[in-house]
Amino acid sequence: MDRQKATGAMSETELAQVLAQVRAGDADAWGELYRRYAPAMYRYCRRLLPAREDAEDATTEIFMKVRQKLGTYDSSRPFTAWLYKVASNHCWDTLRRRHIRQDLETGDVDELPLEHPDPSQLQRLEAEHTTKQVREALAKLPDRARAALVLRYFGDLSYEEIAETLGVRRQFVGVLLLRARHQLRDALGQSAVRSVAAGRKP
Amino acid sequence: MNGNDSHFDEMTGLFYLEGQLDAEHAHDTAQHLEECASCRALLRSLQREGDWLREALTTDDEMIPARLMAAPGRNMAQWVWFAAFGMMAGGAYTLWTGMVQPWYAQAQAAGFTQGNILTMLFFSGAFWKGWDAMRSLMEVMAAGTLGLLAAWLLRRRLRHFTAAAFVMTGLVLLLALPSTTGAAEVRHGNPSFTLAAGQTVNTDLIVTADRTEIDGDVNGDLIIFSESATVNGHVKGDILAFGRELTVNGPVDGNIRSANQSLTINGNVEKNVMGWADELLVAQKARVGGTISAFTGDAELDGRVGGDVLAYTRLMEINGMLGQNVSVTADRIKFGPQAVVDGQIKYTGRVEPDVAPGAKLASAPIVTIRRPGPNYARAGYYWGQIMRWGASFLFGLVVLLIAPVFFASVVKQGDRVGPAIGLGILFLFATPIAAFFASITIVGLGLGVTAFLLYLVALYSTQVFVGSWIGEKLLGLGSGIGPAIGRLALGLAILRGLMIVPFIGWMVTLATLIWGLGALALAFHRIMRSRAPMEALVAQ
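## Quick notes on the overall build of chain A
Then comes step 1: If you tally the helices and strands in chain A, you get 10 helices and 0 strands.
Then comes step 2: Of the regular secondary structure in chain A, the N- to C-terminal order runs α-α-α-α-α-α-α-α-α-α.
Then comes step 3: The proportion of buried residues among the 202 residues of chain A is 36%.
Then comes step 4: Across chain A, contacts joining residues at least 24 apart in sequence account for 69% of those joining residues at least 6 apart.

## Description of the overall build of chain B
Then comes step 1: For chain B, the helix and strand inventory stands at 17 helices and 23 strands.
Then comes step 2: Taken over 540 residues, chain B has a buried fraction of 37%.
Then comes step 3: The long-range fraction of contacts in chain B, counting pairs at least 24 apart against all pairs at least 6 apart in sequence, stands at 34%.

## So, helix 9 (residues 159–166) of chain A
Residues and elements named next belong to chain A.
Then comes step 1: Along helix 9, the positions that sit buried rather than exposed are Tyr 159, Glu 161, Ile 162, Thr 165 and Leu 166. For helix 9, the buried positions fall inside an angular range of 160° around the axis, keeping them on one side.
Then comes step 2: Positive backbone phi, approximately 70°, marks Gly 167, located one or two places after helix 9.

## Details of the sheet that holds strand 11 (residues 287–288) of chain B
Across a sheet, strands are paired by hydrogen bonds formed along the backbone, either parallel or antiparallel in direction.
Residues and elements named next belong to chain B.
Then comes step 1: Ordered in space as 9-11-13-16-19-22, the 6 strands form an open sheet in which the pairing is parallel. For this open sheet the edge positions go to strand 9 (268–269) and strand 22 (360–361), each flanked by a neighbour on one side alone.
Then comes step 2: Summarising the sheet, strand 19 (residues 340–341) and strand 22 pair through 2 bridges and their orientation is parallel. Paired with Val 340 across the strands is Lys 360, a residue of strand 22.

## Overview of helix 11 (residues 379–402) of chain B
Then comes step 1: Taking 1.5 Å of rise per residue, the 24 residues of helix 11 of chain B would be expected to cover 34 Å, and the 35 Å separating its terminal C-alpha atoms lies within 8% of that figure.
Then comes step 2: Those residues of helix 11 of chain B lying buried are B:Ser392, B:Phe393, B:Leu394, B:Phe395, B:Gly396, B:Val398, B:Val399, B:Leu400 and B:Leu401.

## Structural notes on the packing of helix 8 (residues 143–153) of chain A against helix 3 (residues 37–58) of chain B
Then comes step 1: In contact at an axis separation of 9 Å, helix 8 of chain A and helix 3 of chain B are set at 90° when each is read in the N-to-C sense. Classified by the interaxial angle, the pair formed by helix 8 of chain A and helix 3 of chain B is roughly perpendicular. On helix 3 of chain B, the residues that touch A:Leu149, A:Val150 and A:Tyr153 of helix 8 of chain A are B:Gly50, B:Leu53, B:Arg54 and B:Leu57.
Then comes step 2: Broken down by class, the residue content of the contact of helix 8 of chain A with helix 3 of chain B amounts to 5 nonpolar, 1 polar and 1 charged.

## Some remarks on the confidence of the model for chain B
All names here are of chain B.
Then comes step 1: For chain B, the mean per-residue pLDDT works out to 75, and 71% of the residues sit at or above 70.
Then comes step 2: Contacts for the low-pLDDT stretch residues 174–182, under 50 throughout, to residues beyond four places or in other chains number 10 contacts.
Then comes step 3: The ipTM assigned to the predicted complex is 0.77, against a pTM of 0.40.

## Things to note about the packing of helix 4 (residues 52–69) of chain A against helix 12 (residues 404–413) of chain B
Then comes step 1: Interaxial distance between helix 4 of chain A and helix 12 of chain B falls to 10 Å at its minimum, and their mutual angle equals 150°. Classified by the angle between their axes, helix 4 of chain A and helix 12 of chain B sit roughly antiparallel to one another. Here the hand of the crossing between helix 4 of chain A and helix 12 of chain B comes out right-handed. Residues A:Glu53, A:Glu56, A:Asp57 and A:Thr60 of helix 4 of chain A form the contact with helix 12 of chain B, whose participating residues are B:Pro404, B:Val405 and B:Ser409.

## Brief notes about the environment of A:Ala58
Residue and element names in this part refer to chain A.
Then comes step 1: With respect to the secondary-structure elements, Ala 58 resides in helix 4.
Then comes step 2: What makes Ala 58 buried here is the crowd of 23 C-beta atoms within 10 Å.
Then comes step 3: Counting along the chain gives 13 residues from Ala 58 to Cys 45, while the straight-line C-alpha distance between them is 6.8 Å.
Then comes step 4: Excluding its chain neighbours within four sequence positions, the residues that come into contact with Ala 58 are Cys 45, Leu 49, His 90, Cys 91 and Thr 94.

## Regarding the nonpolar core
The tendency in soluble globular proteins is for nonpolar side chains to be buried as a group.
Then comes step 1: A:Met41, A:Cys45, A:Ala148 and A:Leu149 are the most contacted members of the largest nonpolar core, which has 60 residues in total.
Then comes step 2: It is helix 3 (residues 27–48) of chain A that provides the largest number of residues to this core, a total of 11 residues.
Then comes step 3: With residues up to four places along the chain from it excluded, the contact list for A:Met41 reads A:Thr59, A:Ile62 and A:Ala87.
Then comes step 4: Core analysis: the second largest hydrophobic core is formed by 52 residues, B:Ile239, B:Ile256, B:Leu322 and B:Ile345 among them.

## Description of the confidence of the model for chain A
Residue and element names in this part refer to chain A.
Then comes step 1: Chain-level pLDDT for chain A is 76 on average; 73% of the residues reach the 70-or-more range.
Then comes step 2: Within the model, the stretch residues 1–8 combines pLDDT values under 50 with 13 contacts to residues more than four positions away or in other chains.
Then comes step 3: Low confidence marks residues 193–202, where pLDDT is under 50. Its contacts with residues over four positions away, or in another chain, come to 5 contacts.

## Here's the deal with unusual backbone geometry
Then comes step 1: A positive phi angle, close to 55°, is found at A:Asp156, a residue other than glycine.
Then comes step 2: A count of 18 C-beta atoms within 10 Å places A:Asp156 in the partly exposed class.

## Section: the pairing of strand 10 (residues 273–282) of chain B
Residue and element names in this part refer to chain B.
Then comes step 1: In terms of residue burial, strand 10 counts as a mostly covered element, since 7 of its 10 residues are buried.
Then comes step 2: The pairing of strand 8 (residues 256–265) with strand 10 spans 9 bridges and is classified as parallel. Bridging across to strand 10, Ser 258 finds its partner in Gly 275.
Then comes step 3: One ladder, built from 9 bridges, connects strand 10 with strand 12 (residues 292–301); its direction is parallel. Directly across from Leu 281, in strand 12, lies its bridge partner Glu 300.

## Here we look at the environment of B:Phe427
Residues and elements named next belong to chain B.
Then comes step 1: Within the secondary structure layout, Phe 427 lies in helix 13 (residues 417–440).
Then comes step 2: With 21 C-beta atoms counted inside 10 Å, the residue Phe 427 sits in the buried group.
Then comes step 3: For the pair Phe 427 and Gly 518, spaced 91 residues apart in the sequence, the C-alpha separation amounts to 7.3 Å.
Then comes step 4: When residues no more than four places from it in sequence are discounted, the contact partners of Phe 427 are Leu 517, Gly 518 and Ala 521.

About the thresholds
Residues numbered from 1 in each chain as written. Chains lettered and ligands numbered in written order. Predicted model: local features only at pLDDT ≥ 70, side-chain atom pairs only at ≥ 80, totals over all residues. Helix = DSSP H or I, 4+ residues; strand = E, 2+ residues; numbered from the N terminus. Buried ≥ 20, exposed ≤ 12 C-beta atoms within 10 Å, placed from the backbone. Contact = placed C-beta atoms within 7 Å. Arc of directions from axis to C-beta. Pairing = 2+ DSSP bridges. Expected span 1.5 Å × (residues − 1). Axes fitted to C-alpha atoms, helices over the stretch in contact; angles between N-to-C directions. Parallel < 35°, antiparallel > 145°, perpendicular 65-115°, else oblique. Nonpolar A, V, L, I, M, F, W, Y, C, P; charged D, E, K, R; others polar. pLDDT = per-residue confidence, 0-100. Left-handed = near helix turned anticlockwise from the far one by under 90°. Core = buried A, V, L, I, M, F, W, Y, C linked by C-beta atoms within 7 Å.

Below, the structure written as structure tokens:
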């Protein structure tokens, strides 16, 4: 459902029709498809990639890929799911190619605090932070942690798909997600502290 | 916090929420949840955190860049692709018939085939007569499109310009190797170099010195980098010279190709003379067997020339015997009393030719008078301006459709007026100088020539970006390809209109070049990914 909201997607029959037209080489249909999904794709890339220009480039490149690969799309699966999978792969490739992935493949599971976090602390964190602050904190996370959160909670990718995209074991995805949540909490906690220290409204 | 052993950990909670637990494990967890308030609270928090993350990630409270919406499917305007393909085909044809074939023929005629390929490429390239024939707008456009396509196809590799530069330089070196690894003697003057009379160099001779005097003979090519050079001996190959002065008194069996402030020929040159010089003098006693191609300030031909004469110069004086056709673009042309021209004379200049009574011309010169500055009263002038607008529009369109993101990025950088102008001034003046210095060394030649060609393309494209910027300010940021084209067309028309206004036009042109070049540089810098240092440098 969230995905529907995020993309402003067309109805299924409408989409099927447009896809058939695009496959038949209809330029207007392609334009229609692009206009419908480009904004969501751009936002998706924006969350995954650190710089705005990268997200813009990635969006156009993803659509070029989509166009080439449309033949391989299995129409029994949701189109948006496929789209997000293509986009995830592209962005992750971009990040990886840039060699700025800080965290290592194996990951240090022992760092995970396994005790209960304080629920009230969680609530406080969420109440205090605007969407913008969350995004800023997110941008500071290591690439893989950020990607895991975005793929899961924006792209609605399954654990299998996430594992495949990020090149980790299926069993490791949960660890990755939980650790990413912890890192985000830390980042938000810190920025809240700093905002207070700077005498600004948190 | 974790008082009870049966409490589940956060990981399990997350897996439970996301449906990742197997049936049995999930059942146990659900049961535990019913009786444990602490775990329920944890689960609720995790759930809320998930919702809240989703919300933060997907909320669309952010502007989608207009340029992204201006770049929909790639075949939105198929006719543009048809046009581009047409021009590409035209470009390929022009290049083949106009460049490759004549080059081959020319190279053979000039005896270059056994010589240095590098020399042939760059010297023939620079002195290529075909540039003159390429004046047709469509041909230039076609060649430009071809270049753009190549750049687009190579864009992944070109991302790292240094890599590209290395490749180009490597290529050039590779071309140069087969011949330069052949025998050549390299001499450095200290500070002057003299090859004494009676001495003979049997290979090529390369000299770098303040003053060079060649009184002996050279059996190969003579290549001189020298402030002033005098050649009295016999050179059996070509003379290639860079410097302030070159005087050739002795016989030369090959060609003379020089970039000097002044070039004086007193001897006998079997083949061709090509000179970039402020002053070119072919003295009365001199004889040139082949053609003369001159790009000069003043050119004076008093000797005998066997081949054609092609000159772009300020002042042309002919007082010798010219065996073939003469084609001159100059401010003025003078035929002295001793002038004898057997072929046809084509002259384009500001004033009528000055023909002395004794001059013997086989046929009356074909004269085209070009008045200095634009002729505002002539309708053709405005037609020409419209054609130029059309050409720049077409060029802009191709750039827009091939690289929409880059295009928009450059236009956006135009907003940063200060840094753009600063960088623009730097690049406008520094690039040709840097390219020139790079070209002086053999290693940098490929880089220098590449940079200079790119520089020219960049200069031409500035109007497109500045035009689009103006269009954007006037029409606003509508999304879609249509408005983007509209902005380009309007902006370019306004720019062209401003450029033809007397006096102001020059300033507008200069401002466009500087500003556009700066925006281009800024945009390129972003693309090159090494953002941080430059950003810090030019921010605010």
